[in-house]
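Topology and contacts: notes
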Amino acid sequence: MSVPMLGFVSTPQVRPEKRAASDRRQDFDEIYRDFAATEAEQQASRCSQCGVPFCSIHCPLGNNIPDWLMLTANNRLEEAYAVSSATNTFPEICGRICPQDRLCEGSCVIEKDFNSVTIGAVERYVTDYAFEQGWVKPAMPLRETGRTVGVIGAGPAGLAAAERLRAAGHEVHVYDRYDRVGGLLIYGIPGFKLEKDVVSRRHRLLEEQGIIFHLGQGIGGGKGEIPLDTLRSRHDAVLIATGVYKSRDIGGPGSGLGGIVAALDYLTASNRRSLGDKVDAPELDAQGKDVVVIGGGDTAMDCVRTAVRQGAKSVKCLYRRDRANMPGSVREVKNAEEEGVEFVWLAAPESFLGEQEVTAVRARRMRLGLPDATGRQSIEPEEDGLFTVQADLVIKALGFDPEPLPEQWDAPNLDVSRWGTLKVRHETFETSLPGVFAAGDIVRGASLVVWAIRDGRDAAQQIDLWLNDQKNTVLSGNFKAAE
Ligand code: FAD
Ligand code: SF4
Ligand code: SF4
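Because the structure is a prediction, the values reported are computed rather than measured.

This part is about the site of ligand 3. Surrounding ligand 3, one finds C47, S48, C50, C55, P66, L69, C108, V109, V117 and I119. Among the residues making up the shell around ligand 3, the classes are represented as nine nonpolar, one polar and no charged.

The structure is reproduced here in structure tokens:
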């Protein structure tokens, strides 16, 4: 007998248990515990099985959410996993780190009066359970095509593309300048949001599938790096999925003092320590320090919460707008506050004090003004609003821009937008260089993991079509673009 859906009328929303803040502060483990089987089934049965499911429409992957919720509610977990993994290469990762309040769950029709279905937590539960049961298998190709693709970047976009391309029978080589697979999943996002063995588990599966990884191998014009042209001559097609890594900087008097560091340097060092690497960089450790993080996005939230776990004396987050206007997820702000982070809203740094090392930040109080052309409220400085915050570690978390690839890679014909992102043909993901495609943050600008997965999957489909198109072959048998 099948379980009736529409349970939201009688069953309240329950999220997986969150560990106590005092406990969370002690380690880098994930903060949410797993759903018990009955909880996952009950929560899935709250779905009203909408004819037009807004949750799916607002999921970047267009996941077939009502179907896998119904299957989960009926304890048909193997089928639920099959449906969910048909559209998502890494559902257990999205279930953990998608900002669901802005995507699927934020659009769930029962959200307004009954609180949404806990879609992300169910997605995570189903996939973790599928791993436990041995249902997650590498997608092996049915035949080998004899064609080869080089993927630059082992982040979610590159990995999602590699997985699809290998499944289609191509020989896939993934090159990454890092020594581990995952991109920002491994060195950016902290373990308390995404434990590292969740990423390594996927790496093993991709290797079993036959994808060949070249780790510690940069592509470009630097020492020891492989030039892009060499890679193009090695492979029939190339995908660039290198993400965006140039940190936005902050100016002003004292901004060159010691103890002022970039967010990604700080987070990478912390993630490396969690992975067991020796990191000899005391300036990237918050222990015993008064920490000020500048910025209001999710990277800033990751920094403040990392600093708490490293044993900082105090942790403050300075953001120039207010709580309602910050770009970071509301859920992450709440988690940070529970863990002891103090938010200083409407505060913009103007200068940094200290001799060699920073000792304090001089900041100015701001007020919100009228909305600008984009509809966002402008900010104006308060006269006489200067104040000082003590700090011996300042972390700049102001966002990221793309590195200038055409110059760095000696590839002047690689077209970029005015923001420095790679220009691609919208439908085909092809760059201005024949046979060279691009996907993920390097095309979109700093975005989300779920969008990187979507782009990687779509780009793989286009590369496969391109490889199968006869006009792209030459008679010598060496596969090459028709220029
Ligand atoms: P990346 O993940 O950046 O991977 C690019 C890969 O390319 C890297 O491994 C890099 O080493 C490699 N590479 C770069 N240049 C070269 C080269 N020249 N040669 C060889 N290899 C190269 N998104 C969410 O959805 N949820 C979150 O909670 C979240 N938290 C975040 C926290 C932080 C601190 C940051 C910085 C980002 C966060 N994001 C989050 C955003 C998300 O991580 C990115 O949108 C996503 O990882 C982009 O995927 P990508 O594959 O395009 O690039
Ligand atoms: Fe929601 Fe992300 Fe899963 Fe889509 S992939 S259903 S947006 S958690
Ligand atoms: Fe179910 Fe909510 Fe999606 Fe409707 S919008 S199908 S209730 S999860």
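Read on, since the account is not over.
Before going further, it helps to spend a moment on the pairing of strand β4 (residues 237-240). Residue alternation in β4 divides its side chains into two sets, A237 and L239 and V238 and I240, and both sets are buried. As defined by bridge partners, strand β1 (residues 148-152) adjoins β4 across four bridges and the pair is classed as parallel. Its bridge partner lying in β4, V149 is registered against A237.

Moving on to the pattern of salt bridges. Think of it this way: side chains of opposite charge can pair up when their charged atoms draw near. Tallied over the full model, the rule gives 38 salt bridges. The residue E338 makes a salt bridge to K334 at a minimum N-O spacing of 3.5 Å. Of this pair, E338 and K334 both sit in helix α15 (residues 330-338), separated by four residues, roughly a single helical turn. Salt-bridge contacts for R444 lead to D455; the nearest nitrogen and oxygen are separated by 2.8 Å. Remark: D455 occurs in helix α18 (residues 449-468) and R444 occurs in helix α17 (residues 441-444); sequence separation between them is 11 residues. Among the charged side chains, a network of salt bridges with common partners joins K18, R24, R305, R309, E332, K334, E338 and E339.

This paragraph deals with a nonpolar patch on the surface. The grouping of V52, F54, I57 and V109 at the surface amounts to a nonpolar patch, some 360 Å² of accessible area in total. Along the chain, V109 falls in the loop between α6 (91-97) and α7 (111-114). Residue V109 is classed as partly exposed on the basis of its relative accessible area, which comes to 44%.

Another point: the site of ligand 1. Near ligand 1, the surroundings consist of 34 residues, among which I97, D176, K193, I219 and Y245 are the closest. Between an oxygen atom of ligand 1 and a side-chain N or O atom of K193, the distance comes to 2.9 Å. Here an oxygen atom of ligand 1 and a side-chain polar atom of Y245 are 2.6 Å apart. Here ligand 1, which alone exposes 1000 Å², has 97% of that area covered by the protein. No fewer than three residues from each of domain 2 (148-244 + 402-480) and domain 3 (251-396) sit in the shell around ligand 1.

With respect to topology, five strands assemble into an open sheet ordered β6-β13-β7-β8-β9, the strand pairing being parallel. Looking along the sheet, the strands with just one partner apiece sit at the ends: β6 (260-262) and β9 (342-344). Averaged over neighbouring strand pairs, the angle between their axes works out to 25° when direction is ignored. Pairing between strand β7 (residues 290-294) and strand β13 (residues 393-396): four bridges, direction parallel. Its bridge partner lying in β13, I294 is registered against K396. Against the sheet, helix α13 (residues 263-274) engages β6 and β13, with an angle of about 75° to β6.

This next bit is on unusual backbone geometry. Unusually for a residue other than glycine, N75 sits at a positive phi of about 60°. Mapped onto the elements, N75 comes out in the loop between α4 (65-73) and α5 (77-87). Take N75: its relative accessible area is 47%, and that puts it in the partly exposed class.

The final tally for this structure, using the stated rule, is seven aromatic pairs. Between the aromatic rings of Y125 and Y129, the centroid separation amounts to 6.0 Å while the plane-to-plane angle is 20°, which identifies the pairing as stacked. Of this pair, Y125 and Y129 are both found in helix α8 (residues 119-133), four residues apart, which corresponds to roughly one turn of the helix. Look at Y125 and you get buried, because its relative accessible area is 11%. Taking 4.8 Å as the distance between ring centres and 80° as the angle between the ring planes, the aromatic pair formed by Y178 and Y187 counts as edge-to-face. Per residue, the accessibility class of Y178 equals that of Y187, and both read buried. Grouped by ring-pair contacts, the aromatic residues Y125, Y129 and W135 constitute a single cluster.

Quick notes on the rules
Residues numbered from 1 in each chain as written. Chains lettered and ligands numbered in written order. Predicted model: local features only at pLDDT ≥ 70, side-chain atom pairs only at ≥ 80, totals over all residues. Heavy atoms only, no water. Near = heavy atom within 4 Å. Nonpolar A, V, L, I, M, F, W, Y, C, P; charged D, E, K, R; others polar. Buried < 20%, exposed > 50% of the residue type's maximum accessible area, 1.4 Å probe, protein only. Helix = DSSP H or I, 4+ residues; strand = E, 2+ residues; numbered from the N terminus. Pairing = 2+ DSSP bridges. Salt bridge = Lys/Arg side-chain N within 4 Å of Asp/Glu carboxyl O. Patch = residues over 30% accessible without salt bridge, like charges linked within 9 Å, V, L, I, M, F, W, Y side chains within 5 Å. Areas by Shrake-Rupley, 256 points an atom, 1.4 Å probe, with all protein chains shown as cover. Polar contact = N/O pair within 3.5 Å; in protein donor to acceptor, adjacent residues only side chain to side chain. Domains from an automatic or database assignment. Axes fitted to C-alpha atoms, helices over the stretch in contact; angles between N-to-C directions. Contact = heavy atoms within 4.5 Å. Phe/Tyr/Trp six-rings, centres within 6.5 Å; stacked < 30°, edge-to-face > 60°.

Geometric descriptors of this kind do not, in isolation, establish any biological role.
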